[in-house]
Amino acid sequence: MGKTKPKAKGAVMAAKRVGILTSGGDCAGLNAALRAVVHRAIRGYGWQVFGIRDGSLGLMNRPLDVVEFDLSLVTGDMLRKGGTILGTINKGDPFAYPMPDGSVRDRTADFVAGYKELGLDALIVIGGDGSMKILSRLCRLGGIPMVGIPKTIDNDVAQTDYAIGFATALEVACEAIDRLAPTAASHHRVMILEVMGRDVGHIALSAGIAGGADVILIPELPYKLAGIADRIRQVKEVEGRNHALMVVAEGCKTELGEMVTTVQKGNEARYGGIGQYLADHLNKMIEAETRVTVLGHVQRGGVPSMRDRMIASAFGVYAMDLVAQGRTDRVVAWQHGQVVDVPLNEVAGVTRAVDPFGTLANTARGLGIYIGESGIAEAAMCVIP
Ligand code: F6P
């Protein structure tokens, strides 16, 4: 896509304009949502759609970094394409933006001026809870009507059962367990798979259940190394199996409650390393050898799953309907098998954690999976209706 110059709004009956951007970490299914918004806007309402590049940056940069979509740009191939064709950012707070000269600036005015220069009537933001928080503040300050579409492989956006990207990440994580199982069996090893998810364990819990893990650790539930070791011994002594599978969410802390992180460029900390921590300690406690696989960004890329394409398409169409109806400051959400809309302020900055005694956690307990020191008695109580 080349750069598009914003067209001046005509004097008579100019078409309305919606801007759309992707913000925060990328994931599979973002392009499907973009495609759906463009189709609905142009076909359903005759609106023009401007894609804003690199999250909020496209409106803060001069010249503006935007592209006008037409139907020739949104073919079915977008459904199959991972990442985001618009680009995205997950750093650089616009309220304290690090400038090239080392100074820090509030760039709200640049963002709002960019929105006005483009002659937009509303903004659709595809983002997670963090992006929704930042963008909703920018929009409130600028008087910009906003509609949000939830995305993140972490699946921790409030009020929605599913965010775009989660389903594909789960497929990747489950396939990784499927691939680790035979090599674990061949070598009589304990395989530890570290998956993403930041402060929540949605990926770890779902993929662990689907992949037949013996141990699943999530940030929401405290664990004991001795508890893990006991479960692994049980696998051999009671179940007669010579290998075991563990899934751990990257955001799990050490037994003593310390965070395990790596430092990235710009001194930014990212989770990573809890799998190796567990291996180092378990090696001293159990007979079997351990090996660690860190799945990392593989979970964010690749061809979007069918489910992500479907959810993203439904979100995109519904979000544009909200915009056209003037029902802004809302976020689309997936609840009980359908798309609904919820207030933006109930989503922005709110993290949805795993329910430690919800269906999936109790399913794991029911399957004999060690998911931490949460008490079998409570689990049994919750399972029995
Ligand atoms: O929030 C999505 C996510 O992929 C997390 O699961 C992970 O901790 C983080 O982003 C990684 O961020 P980055 O791409 O900056 O390394």
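Positions within a chain are numbered from 1, following the residues in the order the chain's sequence is written. Where totals are concerned, whole chains, interfaces and linings use all residues; where local detail is concerned, this predicted model gives features only for residues with pLDDT of at least 70, and gives and counts side-chain atom pairs only at 80 or more. Computation of side-chain values: all heavy atoms of the structure, hydrogens and water removed.

Topic: the sheet that holds strand β1 (residues 17–22)
- The strand order across the open sheet formed by seven strands is β3-β2-β1-β6-β7-β14-β15, and the pairing between neighbours is mixed. The two strands at the open ends of the sheet, each matched to only one other strand, are β3 (66–69) and β15 (338–343). The mean inter-strand angle of the sheet, taken between neighbouring strand axes irrespective of direction, is 25°.
- At least two DSSP bridges between two strands are required for those strands to pair. Only DSSP runs of H or I with at least four residues qualify as helices, and only runs of E with at least two residues qualify as strands; both kinds are numbered from the N terminus onward. Relative to strand β2 (residues 48–52), β1 runs parallel, the two being bridged by five bridges. Note that in β2 the partner of Ile 20 across the bridge is Gly 51.
- For this analysis, residues touch if any pair of their heavy atoms sits within 4.5 Å. Lines are fitted to the C-alpha atoms to define the axes, a helix being fitted only along its stretch in contact, and any angle between axes, read from their N-to-C directions, falls within 0 to 180 degrees. Packing against the sheet, helix α1 (residues 30–45) makes contact with β1, β2, β3, β6 (122–127) and β7 (146–150), and its axis sits at approximately 160° to β6.

Quick look at the site of the ligand
- Around the ligand sit Asn 90, Ile 153, Asp 154, Met 196, Gly 197, Arg 198, Glu 250, Arg 270, His 297 and Arg 300, and that is every residue in its neighbourhood.
- A total of 400 Å² of accessible area belongs to the ligand in isolation, and the protein chains cover 87% of it.
- Under this grouping Gly is polar, as are all residues other than the nonpolar Ala, Val, Leu, Ile, Met, Phe, Trp, Tyr, Cys and Pro and the charged Asp, Glu, Lys and Arg. Looking at the shell around the ligand residue by residue, the class counts come to two nonpolar, three polar and five charged.
- The split into domains, and so the bounds of each, comes from an automatic or database assignment of domains. Mapping the shell around the ligand onto the domain boundaries places at least three of its residues in each of domain 1 (17–164 + 304–346) and domain 2 (168–300). Proximity criterion: a residue is near a molecule or strand once any of its heavy atoms comes within 4 Å of it. Every accessible area reported is derived by Shrake-Rupley at a probe size of 1.4 Å, with residue values counting cover from the shown protein chains alone.

A closer look at helix α10 (residues 306–324)
- In this analysis, the expected span of each helix is defined as 1.5 Å times one less than the number of residues it contains. Between the first and last C-alpha of α10 there are 27 Å, a value that for 19 residues agrees with the 27 Å anticipated at 1.5 Å per step.
- Residue Gly 326 follows α10 closely and has a positive phi angle near 75°.

So, the nonpolar core
- By nonpolar core is meant a set of buried Ala, Val, Leu, Ile, Met, Phe, Trp, Tyr and Cys residues that side-chain atoms within 4.5 Å join together. Throughout this description, buried means an accessible area under 20% of the type-specific maximum (1.4 Å probe, protein chains only), exposed means over 50%, and partly exposed covers the range between. Formed by 88 residues in total, the largest nonpolar core has its most connected members in Leu 217, Ile 228, Met 246 and Leu 278.
- With nine residues, the top contributor of residues to this core is helix α6 (residues 166–187).
- The residue makeup of this core includes at least three contributed by each of domain 1 (17–164 + 304–346) and domain 2 (168–300).
- The residues contacting Ile 228, other than those within four sequence positions of it, are Val 215, Leu 217, Tyr 223, Met 246, Leu 278, Leu 282 and Tyr 370.

Notes on α6
- The first and last C-alpha atoms of α6 sit 32 Å apart over 22 residues, in line with the 32 Å expected at 1.5 Å per residue.
- For α6, every residue scored as buried is listed here: Phe 166, Ala 167, Thr 168, Ala 169, Leu 170, Val 172, Ala 173, Cys 174, Ala 176, Ile 177, Leu 180 and Ala 184.
- In this structure, the buried residues of α6 make contact with β8 (189–195), α7 (202–211), β10 (244–249), β13 (289–294) and α10.
- Looking one or two places after α6, you find His 188, whose phi comes out positive at around 55°.

A look at the confidence of the model for the chain
- Summarising the model, the chain shows a mean pLDDT of 94, and 94% of its residues fall at 70 or more.
- For every residue, the predictor states its confidence as a pLDDT score lying anywhere from 0 to 100. Under a pLDDT of 50 for its full length, residues 376–385 has, in the predicted model, seven contacts with residues more than four places off or in other chains.

Quick word on the pairing of β6
- Most of β6 sits inside the fold, with six of its six residues counted as buried.
- Of the two faces of β6, the one holding Ala 122, Ile 124 and Ile 126 and the one holding Leu 123, Val 125 and Gly 127 are both buried throughout.
- Note that β1 and β6 share five bridges and pair parallel. Looking across to β6, one finds that Gly 19 is bridged to Leu 123.
- When the strands point away from the viewer, a crossover counts as right-handed if the path from the first strand over the helix to the second runs clockwise. Considered for its hand, the β-α-β crossover made up of β6, helix α5 (residues 129–142) and β7 is right-handed.

Let's talk about the pairing of strand β12 (residues 268–271)
- Where strand β11 (residues 261–264) and β12 come together, four bridges link them in antiparallel fashion. Looking across to β12, one finds that Thr 261 is bridged to Tyr 271.
- With antiparallel pairing between neighbouring strands as the criterion, β11 and β12 make up a hairpin whose turn holds three residues, including Gly 266 at a positive phi of roughly 80°.

Overview of the sheet that holds β8
- Ordered in space as β9-β10-β8-β13, the four strands form an open sheet in which the pairing is parallel. The open sheet has two edge strands, β9 (215–217) and β13, and neither has a second partner. When strand polarity is set aside, the average angle formed by the axes of neighbouring strands in this sheet is 15°.
- Pairing analysis gives three bridges linking β9 to β10, with the strands arranged parallel. Counted as the bridge partner of Val 215 is Met 246 from β10.

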